[in-house]
Amino acid sequence: MADQVVTIRRCVPGGIGAALALLLAAVTSPAQALTPCEVQQLQWEAVGQNFDPSQTHAPGAPPRPVSNDRVQVRWWPNADYAELRWDVHTLYPFAAELSYFEQLSAERSVVSGKDGFRSSGGTVSEARRAARFSGLWLRTPLLWPGESAGRSREITLGGTRWQLEIARNGSGPPGAPAPLVAASQEYDWPKGSVTHRLSYSRWQEVDGLSMPTQIEWRLDGALLRRERLQAISVTRVEAEPCVAPSRPGLAQPPAWSRAADHWVRRRLAMGAGAVADQTTNVRLERVGEGVHHVVGGSHHALLIESASDLTLVDAPLYPGRSDRLLRLLSERFPDKPLRRVIVTHHHNDHSGGLLPLLQGKVELVVGAEAAVFFQSVMRRAGEDAMIALTTVADRSELTLDERRLQVVNIPNSHAAGMLAVRVEDLALTYVADLYSPGRDAQSPVLAREFHQAMAWHGLANGSLIGAHGKGTQPWTALVEELQAVHPAWSVPLLPAAVPEAGSSGAAAASAASSATTDKD
C-alpha cells in the first residue's frame, strides 16, 4: 500500500502554490528505513504503565491501573529470536513484585523466574509467544517487511491486519511532520469488535532506523498501556542482503486467541503468567447432589441441576470454553436444557464466555449495577435467543423446581454488582474473586467485605466454593483467616435465617451446626 499523503488545497497564486506543494510532498513521507534483513540485532529498554478497561469497579469507568514494568529487549528480527527481561510491579488484582526472563524462538520458548501469582517459569504458551513477537513488530513500525524498502504501510500479525496512517498532529520521525499511528480491528470478550490503536511519538533515528520512543496503546479509545523507550541500539548486518519475510511467522497465535492478543498482553500485565488454551480441559466435579464444579483451568463455574433444567453460575474467559462446556452438557444431560445463567460480575475473565450461552430461551441474572453492560451483550445474541434479564440490587431468591437459590449483591471494592450464589439445600455458597477457597493468594480486604455482607443476610455459614481455588471449604476457615490478619477484622456471625415451612430439615441442621460466633 502506498504511503499516505495529507493533501491541502488552497487558492494560492501560481508560483507560490507550486512551491508549497513540492515542500509538502517532501515532508509527508517517513524517513528511509532499514529492512529486517539489514538489522542483525535491536536492543532497547522500556518503562511502561499498564491499564485495563474491563477490570474496572463499575462498567464504563476509566481503565484501572494494573501494573508498572521495566523490560530490557534484545531482538534478532530476521532470526525469529528474542530475549526479554522483565521487572513487573503489579497493583491489581494483588500487589506483587515479579521478575522473569523470556527466551523466545521457533524451536523452544521458555521463561524463568517469577512471572505470575501461580506460575514459576517453564514453557511459554503459543498465545504468549505470539503476543510478545507481535508486540516487538508493533514497536518498530518502520521496520515492517514488505513493499517500498521496508516502509510498508500494513502488516499481518496473527491474522490481524495492522495499517499505518499519518496523524495530523505532533512531531514525527525525521523527514515527516506527524507521528505514525497503527490501527487494527480485533475482538474483545465479551464486548465484540474493537479498534486497537497505537500512537507513536518522540521519534529517534538510530543508525538509519527511525524508532518511536513514546507509544500509547488504546482499545476503543480506552487506555491500555503507555511506555517510553530508551537506550536504543541497532547492530547492522554486514553480509549480503537476504529476502525479508512477507509477514512475521512467530506472531501467529493459536485459534482461541486469534485477533485478540491484546487480551493475552493484558492478562500478563496483571500477573497471569500461565496464559494457555482453556477450551479443551473442561470437566465437571460433583460437590453435592445435582451440583458440579466446572473446572479444568484457572477460572471455574458452578452447574446446578434441578428436575427440569440446568443453571450455570459464571461464564469465564472466552467463547471457545463455553462452546466446549455446552457440548459436554448436551452429552451428560440430554434432557435438561440450560435455562439460566448467573454472572457474578462484569469483568471479562468471568463474562467473556457469555454469548454462546445466550441461545434459545434463557434467563440472565446479573447485579443491578451492571445491567446496562449486560444488555449490550444481549443485543449481540442470535435472532432465536429469548433472553429474560433479571437484576439483583440486594438479595433475591430463585426457585428451580425443588431447589432454592439465594442470590446476594455484595457491596465491595472489587466490582460493582458482584453476586454470590447460595444453594440452600446444600448450604453451599459460590463466590468469585472476593475469596478463593483452597488457594493461598487471597485479598483480606475483599474477603472481609464478602464475609460481612453475607453475615448481614444471615448466610455466613455452611461451606464455600469458588471461581478460583480448589474444592470446597467450611466458612469457619474464612473466619479464621480473617482473625489471623487482625482480630478486629472478624465480625459476629448472625444466626442463620429460620427456614420457611417445607424447607429441607437437613439443610437447616447443616446451617445451624456451621454457624459460629467470632470473638471481638
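A brief look at the structure comes next. The residue numbers shown here count from 1 along each chain, following its written sequence. It should be noted that, the model being predicted, local features are given only for residues of pLDDT at least 70 and side-chain atom pairs only at 80 or more, the latter also being counted only at that level, while totals for whole chains, interfaces and linings use all residues. Working from all heavy atoms in the structure, the side-chain values ignore hydrogens and water.

### Observations regarding the overall build of the chain
Put simply, the rule is: Segments assigned H or I by DSSP are reported as helices when at least four residues long, segments assigned E as strands when at least two residues long, and all are numbered from the N terminus. Only protein chains enter the accessibility calculation, which uses a 1.4 Å probe; a residue whose area is less than 20% of its type maximum is buried, one above 50% is exposed, and one in between is partly exposed. A contact between two residues is defined here by any heavy atoms of the two lying within 4.5 Å. With residues, only the protein chains shown are counted as cover, and all accessible areas are computed by Shrake-Rupley using a 1.4 Å probe.
Broken down by element type, the chain carries nine helices and 25 strands. Relative to its 520 residues, the chain shows a buried fraction of 54%. Contacts in the chain between residues at least 24 apart in sequence constitute 60% of all its contacts with a sequence separation of at least 6. Counting every atom, the chain has about 21,800 Å² of accessible surface; 52% of that belongs to carbon and sulfur.

### Structural notes on helix α4 (residues 319–332)
Helical geometry: 3.6 residues make up each α-helical turn, so side chains three or four residues apart lie on a common side. Applied cut-off: One less than the number of residues in a helix, times 1.5 Å, gives the span that helix is expected to have.
Look at α4: 20 Å from first C-alpha to last across 14 residues, which is about the 20 Å you get at 1.5 Å a residue. Taken together, the buried positions of α4 are P319, R321, S322, L325, L328 and L329. Considering only its buried residues, α4 is in contact with β13 (283–288), β14 (291–295), β15 (301–305) and β16 (310–313).

### Considering the pairing of β14
The criterion, for reference: Any two strands with at least two DSSP-identified bridges between them are counted as paired.
Most of β14 sits inside the fold, with five of its five residues counted as buried. Across the two faces of β14 the burial is the same, with V291, H293 and V295 and H292 and V294 all buried. As paired elements, β13 and β14 share five bridges and run antiparallel to each other. Bridge pairing in β14 places L284 opposite V294. Taking the residues that link successive antiparallel strands as the turn, the β13-β14 hairpin has two residues, and the phi of G290 there is positive, at about 70°. When β14 meets β15, the two strands line up antiparallel, connected through four bridges.

### Considerations on empty space enclosed by the protein
Over the atoms, a rolling probe the size of a water molecule traces out where space has been left empty. Stated formally: Buriedness for pockets is judged along seven lines, at least five of which must meet protein on both sides within 12 Å for an open set on the 1 Å grid over protein atoms alone, while cavities are sets there where a 1.4 Å probe fits but cannot get out, and lining residues have an atom within 4 Å of a point. Grid points are joined across faces, edges and corners, and a volume is the space filled by probe spheres set on the points. Only Asp, Glu, Lys and Arg are considered charged, only Ala, Val, Leu, Ile, Met, Phe, Trp, Tyr, Cys and Pro nonpolar, and every remaining residue, Gly among them, polar.
According to the stated counting rule, one finds four cavities of 30 Å³ or more in the structure shown. Contributing to the lining of the largest cavity are 25 residues, with N50, R132, R139, R225 and R265 lying nearest its centre. Listing elements by their share of the lining of the largest cavity, those giving two or more residues are β1 (39–52), β2 (64–76), β3 (81–90), α2 (126–138), β12 (222–236) and α3 (261–269). Reported here for the second largest cavity is a volume of approximately 250 Å³. P93, F94, R267, D433 and H468 are, among the 18 residues lining the second largest cavity, the residues nearest its centre. In the lining of the second largest cavity, the residues fall into seven nonpolar, six polar and five charged.

### Remarks on the layout of surface pockets
Counted as a void, the second largest pocket has a volume near 400 Å³. Around the second largest pocket sit 22 residues that line it, and P53, S54, G60, K191 and F373 are the ones nearest its centre. The residue inventory of the lining of the second largest pocket, partitioned by class, reads 12 nonpolar, six polar and four charged.

### Remarks on the pattern of salt bridges
For side chains of opposite charge, pairing can occur when their charged atoms come near one another. Put simply, the test is: The salt bridge definition used is simple: a Lys or Arg side-chain nitrogen within 4 Å of an Asp or Glu carboxyl oxygen.
Considering all chains together, one arrives at 25 salt bridges under this definition. Among the salt bridges present, the one from D188 reaches R266, with a minimum N-O distance of 3.1 Å. Within this pair, whereas D188 is found in strand β9 (residues 180–188), its partner R266 is found in helix α3, the two being separated by 78 residues in sequence. Bridged by salt links that share partners, the residues D69, R139, R225 and E227 form one connected network.

### A look at the environment of L142
Position of L142 relative to the elements: it lies in the loop between α2 and β7 (154–157). Among the residues examined, L142 registers a relative accessible area of 0% and is labelled buried. Sequence-wise, L142 and P36 are 106 residues apart; in three dimensions their C-alpha atoms are separated by 9.8 Å.

### As for the nonpolar core
The following threshold applies: Nine residue types can take part in a nonpolar core, namely buried Ala, Val, Leu, Ile, Met, Phe, Trp, Tyr and Cys, and a core is a set of them joined through side-chain atoms within 4.5 Å.
With 48 residues, the main nonpolar core has W44, W75 and Y200 as its most contacted residues. Once residues within four sequence positions are removed from consideration, Y200 is found in contact with L138, P141, L164, P179, L180, V181, A182, P212, Q214 and I215. Counting 40 residues, the second-largest nonpolar core is a separate cluster that includes V408, L428, Y435 and I465.

### Details of α2
Spanning 13 residues, α2 covers 18 Å between terminal C-alpha atoms, matching the ideal 18 Å at 1.5 Å per step. Counting buried residues in α2 gives 12 out of 13 residues, a clear majority hidden from the surface. Taken together, the buried positions of α2 are occupied by A127, R128, R129, A130, A131, R132, F133, S134, G135, L136, W137 and L138.

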